[in-house]
Amino acid sequence: KRETNTMPQWAGSSWYYLRYIDPKNKKILVDKKKEKYWSPVNMYVGGTEHATRHLIYARFWHKFLYDIGAVSDKEPFASLKNQGLILGRDNRKMSKRWENIVNPDDIIKEYGADSLRLYEMFMGPFDQPIPWDTKNIVGVKRFLERVWKLGDRIMLFFRTDKEGNSSGKHNPVSLSVSLDFLLHKTIKKVTEDIENFHFNTAVSALMILANEMEKQDSLEIENWKLLIKLLSPFAPHVTEELWQITEHKTSIHLEKWPVFDDSKTIENSFKLIVQINGKTRDFFEVPVGISEDEAKVLTLKRENVKKWIGDKHIEKTIYVQNRIINIVTEP
C-alpha cells in the first residue's frame, strides 16, 4: 500500500493560522473574503530557535500561496516577538542531557498554576533569557496570598454591611489622594506594559498598588475590584475565584478593562534636589511648576541648607525647572 503521509511536521505548522480562519471549509484552503478580513496575523510570538525552522517555513509557504492567489498579503505576520529562553539553574538550556529540567506539573502541585504563570512573567524581560530559580517563586506566591487577604478584608465589610444595608456596600470612606493617583497610574502602566510585552514591570506595578492598599485603614470594594481586574490576565484562577465570592454572576474575564483618568496620572509634586556648589545636600517635596523665586525662598529656609551655606555670600542660583536648584556661594 502506498504511503501518503510523507510530508514533514513543519508543513502542517506552516499554514495552520490560515485554517483557523475557515476551519470547516471542505472545498478550499480558506475563503478569500474571510482571509482578507482576518489577515495578516497581528502578532507572531515564537522563540529565536524557530527563526530557521517554523518562521522561515511559514513565510516560504505564505509567499507561495500569495503567488498562486490563495492569500491577500505577501507576509503572514504583521509583528514578531521573540521570547527569551528560560534556562536551568546552571544557566544552561533546559535539557534531558543536562538533567536541569523543571517539571511544570511539580511546580503547579506545590505552588499553584497562577504562581507559575506570574513568576514566568515577573522573572525578567520577556525577550531576555533568564535562569529558573524555584526559590524565587515563593515571593510571587506570597503576593497572591496578600491579594487574597485583601479580598477577605473586603468581604468582611461586604457581609457585615449587607445584613443592615440591602445595597451590599460598606460605608463609604474618603479615598486617599495618593492611592487615587496610584490607581490611575497603575491602570495606565499595566495597560501599556501588556501592549508592549513588558509583563515583568506590569506585575511590579501591581505589587506596589497592593502594598499601598494594605496600608489603608479602609478600602473601597470598587478599588479592590480594579486591582483584581488588572491582575486577572496574569493570575486568572485566583482572580476569578475572588470575583465570584463578591457575588458576580459573570466571569471577571468578560468584564471591561479599567480606564484611567489621564489627569490623575500626572504627578502634582516632585522632590526638588538641592545642590550647594554642585554637591547634593538636601531634597524636599514641592509643587510641580514652582517658580525659581519660590523654590529659592523655600530652599533657603531649610536648616540643612543654612548649615552648608553658613555666612558665605550667594553669588548665583541655577534652577532647572521641576528638577534641581543649585546654589553657588563665594569660594
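This structure is a prediction, so every number in the text was calculated from the model and none was measured.

**So, the side chain of Thr329**
Item 1. Its location among the elements puts Thr329 in strand 8 (residues 324–329).
Item 2. Its relative accessible area of 6% is what places Thr329 among the buried residues.
Item 3. Setting aside chain neighbours within four positions, we find Thr329 in contact with Asn277, Ile309, Lys312, His313, Ile314 and Glu315.

**Details of the nonpolar core**
Item 1. Counting 43 residues, the largest nonpolar core has Phe143, Leu231 and Phe234 as the members making the most contacts within it.
Item 2. When residues in this core are grouped by element, the largest group, nine residues, is from helix 9 (residues 199–215).
Item 3. Counting residues in hydrophobic clusters, the runner-up holds 13 residues, among them Leu272, Ile290, Tyr319 and Ile327.

**Points about the environment of Glu255**
Item 1. Relative to the assigned elements, Glu255 resides in the loop between helix 11 (236–245) and strand 5 (269–276).
Item 2. Placed 26 residues apart in sequence, Glu255 and Lys229 show a C-alpha to C-alpha distance of 8.0 Å.
Item 3. Once residues within four sequence positions are removed from consideration, Glu255 is found in contact with Lys229, Trp243 and Thr250.

**A short note on the packing of helix 5 (residues 104–111) against helix 6 (residues 113–122)**
Item 1. Two elements in contact, helix 5 and helix 6, have axes separated by 7 Å at closest approach and are oriented at 115°. Two secondary-structure elements touch here, helix 5 through Pro104, Ile107, Ile108 and Tyr111 and helix 6 through Ala113, Ser115 and Leu116.
Item 2. Class assignment of the residues belonging to the contact of helix 5 with helix 6 gives a composition of six nonpolar, one polar and no charged.

**With respect to the sheet that holds strand 7 (residues 314–320)**
Paired through backbone hydrogen bonds, the strands of a sheet run either parallel or antiparallel to each other.
Item 1. Reading across from one edge, 6-5-8-7 is the order of the four strands in this open sheet, with mixed pairing throughout. Each edge of the sheet is formed by a strand with only one pairing partner; in this case those strands are strand 6 (279–287) and strand 7. Each strand of the sheet is rotated relative to its neighbour by a mean of 20°, with strand direction disregarded.
Item 2. In this sheet, strand 8 lies alongside strand 5 in parallel orientation, the contact comprising four bridges. Within strand 8, the residue paired with Ile273 across the bridge is Ile324.

**Concerning the environment of Gln244**
Item 1. Here Gln244 shows up in helix 11.
Item 2. When neighbours within four sequence positions are excluded, Gln244 is seen to be in contact with Thr250 and Ser251.
Item 3. At 3.3 Å, the side chain of Gln244 forms a polar contact with the backbone oxygen of Thr250.

**What about the confidence of the model for the chain?**
Item 1. Confidence in the prediction for the chain averages 87 pLDDT; 91% of positions are at 70 or higher.
Item 2. With pLDDT under 50 throughout, residues 166–174 is counted as low confidence; its partners more than four residues away or in other chains account for 13 contacts.

**With respect to helix 10 (residues 221–231)**
For an α-helix the count is 3.6 residues per turn, leaving residues at separations of three or four pointing the same way.
Item 1. For helix 10, the tally of buried residues reaches nine of eleven residues, placing the bulk of the element in the interior.
Item 2. Taken residue by residue, helix 10 has Ile221, Asn223, Trp224, Lys225, Leu227, Ile228, Lys229, Leu230 and Leu231 as its buried positions.

**Thoughts on the pattern of salt bridges**
Item 1. Tallied over the full model, the rule gives 14 salt bridges.
Item 2. The partner of Glu303 in a salt bridge is Lys306, with the nearest N and O atoms 3.5 Å apart. A residue pair is termed a helical-turn pair when its members lie 3 or 4 positions apart in one helix, as Glu303 and Lys306 do in helix 13 (residues 303–309) at three residues.

**Considering the packing of helix 10 against helix 11**
Item 1. As a packed pair, helix 10 and helix 11 sit with axes 9 Å apart at the nearest point and diverge in direction by 150°. As the angle between them shows, helix 10 and helix 11 are arranged roughly antiparallel. The chirality of how helix 10 crosses helix 11 is left-handed. Contacts from Trp224, Lys225, Ile228, Lys229 and Leu231 in helix 10 reach Thr239, Leu242 and Trp243 in helix 11.

Cut-offs and rules
Residues numbered from 1 in each chain as written. Predicted model: local features only at pLDDT ≥ 70, side-chain atom pairs only at ≥ 80, totals over all residues. Heavy atoms only, no water. Helix = DSSP H or I, 4+ residues; strand = E, 2+ residues; numbered from the N terminus. Buried < 20%, exposed > 50% of the residue type's maximum accessible area, 1.4 Å probe, protein only. Contact = heavy atoms within 4.5 Å. Core = buried A, V, L, I, M, F, W, Y, C linked by side-chain atoms within 4.5 Å. Axes fitted to C-alpha atoms, helices over the stretch in contact; angles between N-to-C directions. Nonpolar A, V, L, I, M, F, W, Y, C, P; charged D, E, K, R; others polar. Pairing = 2+ DSSP bridges. Polar contact = N/O pair within 3.5 Å; in protein donor to acceptor, adjacent residues only side chain to side chain. pLDDT = per-residue confidence, 0-100. Salt bridge = Lys/Arg side-chain N within 4 Å of Asp/Glu carboxyl O. Parallel < 35°, antiparallel > 145°, perpendicular 65-115°, else oblique. Left-handed = near helix turned anticlockwise from the far one by under 90°.

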